[in-house]
Amino acid sequence: MPRITFVPAEGHSRTVETASGTTLKDAAVDNGINGIIAECGGNAMCATCHVYVGQEWLDRIPGPDEVEDELLGDTASPRESNSRLSCQISVIDDLDGMTVHVPRDQE
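All figures in this text were calculated on a predicted structure; none of them were measured in a lab.

Caption draft 1: Looking closely at the environment of Glu-70. Residue position: Glu-70 is located in helix α2 (residues 66-72). Considered as a pair, Glu-70 and Ala-47 are 23 residues apart in the sequence and their alpha carbons are 9.7 Å apart.

Printed below as a string of structure tokens:
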């Protein structure tokens, strides 16, 4: 099972194991990671699951589609080049060891 390290804004990182095919959002919510609100339940409608993907991992995941790109323009925390919606990233075995930073504000 892939291991994902979440680093909340307060800085206390936590590594979780999750099954391949799980979204980053579900991995975070299922493991009680603070800061991932996901008000829309993972339907790419709210941008409250915004994360910053470690730069070294960006080439291993598909880029955002048009809907995600638009939503990333309305996040509570600043959009960065590595901003993504965690509900739109499926964890695969190749992402084992990925680091994801959770922004301070989601609403």
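Caption draft 2: Local environment of the sheet that holds strand β1 (residues 3-7). The strand order across the open sheet built from five strands is β2-β1-β5-β3-β4, with neighbouring strands paired in mixed fashion. Among the strands making up the open sheet, the edge pair consists of β2 (14-17) and β4 (83-85). Shown here is a sheet whose adjacent strand axes are inclined to one another by a mean of 35 degrees, direction ignored. Here four bridges tie β1 to β2, and the two strands are oriented antiparallel to one another. Each residue of the ladder has a partner; that of Thr-5, found in β2, is Thr-15.

Caption draft 3: Spatial organisation of the pairing of strand β5 (residues 98-101). Only one face of β5 is buried, namely the one carrying Met-98 and Val-100, since none of Thr-99 and His-101 on the opposite face is buried. Pairing between strand β3 (residues 50-53) and β5: two bridges, direction antiparallel. Note on β5: the bridge partner recorded for Val-53 is Val-100.

Caption draft 4: Just the pattern of salt bridges, in detail. Under the defined criterion, the tally for this structure stands at five salt bridges. Its salt-bridge partner being Lys-25, residue Asp-26 comes within 2.5 Å of it at the nearest N-O pair. For Asp-26, a relative accessible area of 27% corresponds to the partly exposed category. Of the charged contacts in the structure, one is a salt bridge between Arg-79 and Asp-69, with a shortest N-O distance of 2.5 Å. Placement of the pair is Arg-79 in the loop between α2 and β4 and Asp-69 in helix α2, with a sequence separation of ten residues. On the basis of relative accessible area, Asp-69 is assigned to the partly exposed category, the value being 36%.

Reading the values: rules and limits
Residues numbered from 1 in each chain as written. Predicted model: local features only at pLDDT ≥ 70, side-chain atom pairs only at ≥ 80, totals over all residues. Heavy atoms only, no water. Helix = DSSP H or I, 4+ residues; strand = E, 2+ residues; numbered from the N terminus. Pairing = 2+ DSSP bridges. Axes fitted to C-alpha atoms, helices over the stretch in contact; angles between N-to-C directions. Buried < 20%, exposed > 50% of the residue type's maximum accessible area, 1.4 Å probe, protein only. Salt bridge = Lys/Arg side-chain N within 4 Å of Asp/Glu carboxyl O.

The values are spatial; any link to function lies outside them.
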